[in-house]
Amino acid sequence: MRAGIIGSGAYVPKKIISNFDLEKIVDTSNQWISERTGILYRRKADDNICSSDLGAEAAKIALKNANLNPEDIDLIIAASSSPDRIFPATACLIQNKIGAKNAAAFDIQAACTGFIYAVTTAAQYISTGLYKNILVVGCEVLSKITDFKDRNTCVLFGDGAGAVILSEVDYGGIITNILGADGSGSELLELPAGGTSEPASFDTVKERKHYIKMRGCEVFKFAVRVLEDCTRKIAEKANVSLKDIDYIIPHQANIRIIEAAIKRLEYPCERVVVNLNKYGNMSSASIPVALHEAYQTGKIKRGHKIILVGFGAGLTWGANLIEWTL
Ligand code: COA
């Protein structure tokens, strides 16, 4: 049995933060941010909103587009780098918020690669026949774990959520997947405190260790390398030439990362889906939001072959090659 995407959804908060807004908070400029990252705007959730709230909104849209009711969902897999709490799982909170009372629910932690890991996992449950309809959600309120005193990171991230429903399909579907990890690079991008290695204390708060820390230059090089490698490898694994891939949807971290990898792949840049100018890096939500928008605006059509490819903290990376069903 082949799993395929039968509906998608996306939801971003209304509040827009421009580069000019950030100029007033840290020592930066619109010119530096736009030239070095390609980002112009990002969204910011209100103080009372958490990741499961955005995830639930995206999930409701995906359910509507798939013509399913919440009760039809057998399993929810949520990916988030900014979960509501360490436990319970954000997937359980989403389950409650949308009323998916028949669904099992758990989270996947693979940072910005979370959506790719979650889709890969969901596809296995469908192909074994264990579950019929699975909701996969990538949801983030990164603004609450971003240090707005650190210009190296605060210009990069934004809030949002994307969701897809996977079911058995008789046309198209997920052709193959690649996942990878290298834990030796775990310190390149991390949220140091609040877990069991450094529990929350007055010191961890004083040292701002509950915010994202990143070694930007090293992450940049890693990202370009795995974006190229992973895209090439998944096409080879599926025995498909990159010429026959209609769209690549990469993780939306930095336009220079995407351009460098795409140049090495000798792939036409007009067939790469980019929305980071509007939203910045929404971690696990970046790829599903870009996918949803590409389908809604008529770019992606039935029969198109697309590669979703991501990378992130862990370090982690991965890709899904999909023949579009809808
Ligand atoms: N505004 C102005 N100047 C800034 C700045 C900002 N927001 N952020 C950093 N700078 C400065 C640095 O302090 C440095 O100054 P210095 O030379 O006086 O020390 C200078 O700009 C260049 O910094 P550098 O780190 O070399 O810039 P860069 O071209 O590598 O771009 C990133 C920095 C963070 C944009 C880039 O490394 C990047 O995108 N890395 C990957 C990040 C990422 O994708 N993370 C998520 C992965 S899922």
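Once a new chain begins, its residue numbering starts again from 1 and follows that chain's sequence as written. Reporting of local features is limited, given that this is a predicted model, to residues whose pLDDT is at least 70; pairs of side-chain atoms are given and counted only at 80 or more, and all residues count toward the totals for whole chains, interfaces and linings. With hydrogens and water stripped out, all remaining heavy atoms of the structure feed into the side-chain values.

A. A look at the domain arrangement of the chain. Here the chain is partitioned into domain 1 (2-171) and domain 2 (176-323). Where each domain starts and ends comes from a domain assignment, either automatic or drawn from a database. For domain 1 versus domain 2, the separation of C-alpha centres amounts to 14 Å. By definition, the buried area sums, over both parts, the 1.4 Å-probe accessible area that each loses when the two are put together. With both chains or domains summed, domain 1 and domain 2 bury close to 3800 Å², and 62% of this area falls on carbon and sulfur atoms. Among the residues domain 1 hides against domain 2, the three largest losses belong to Cys112, Ile116 and Tyr171. Together they make up 18% of the total. The term salt bridge refers to a side-chain nitrogen of Lys or Arg lying within 4 Å of a carboxyl oxygen of Asp or Glu. Inspection of the domain 1/domain 2 interface yields 1 salt bridge. Measuring nitrogen to oxygen at the nearest pair gives 3.0 Å for the salt bridge that ties aspartate 147 to arginine 208. Polar contact is the term for a pair of N or O atoms within 3.5 Å; when the atoms are in protein, one must be able to donate a hydrogen and the other to accept it, and sequence-neighboring residues count only if both atoms are side-chain atoms. There are 23 residue pairs in polar contact (both at pLDDT 80 or more) connecting domain 1 and domain 2. To qualify as a helix, a DSSP run of H or I must reach at least 4 residues; to qualify as a strand, a run of E must reach at least 2; elements of each kind are numbered from the N terminus. When residues of the side of domain 1 that touches domain 2 are traced back to their parent elements, those giving at least two are strand S1 (3-11), helix H2 (30-37), strand S3 (41-43), helix H3 (51-65), helix H5 (114-128), strand S6 (134-140), helix H6 (151-154) and strand S7 (160-168). Per-element accounting of the side of domain 1 that touches domain 2 gives the leading share, 6 residues, to H5. Throughout this entry, Asp, Glu, Lys and Arg are counted as charged residues, while Ala, Val, Leu, Ile, Met, Phe, Trp, Tyr, Cys and Pro are counted as nonpolar. The remaining residues, Gly among them, count as polar. Residues of the side of domain 1 that touches domain 2, tallied by class, amount to 25 nonpolar, 17 polar and 10 charged.

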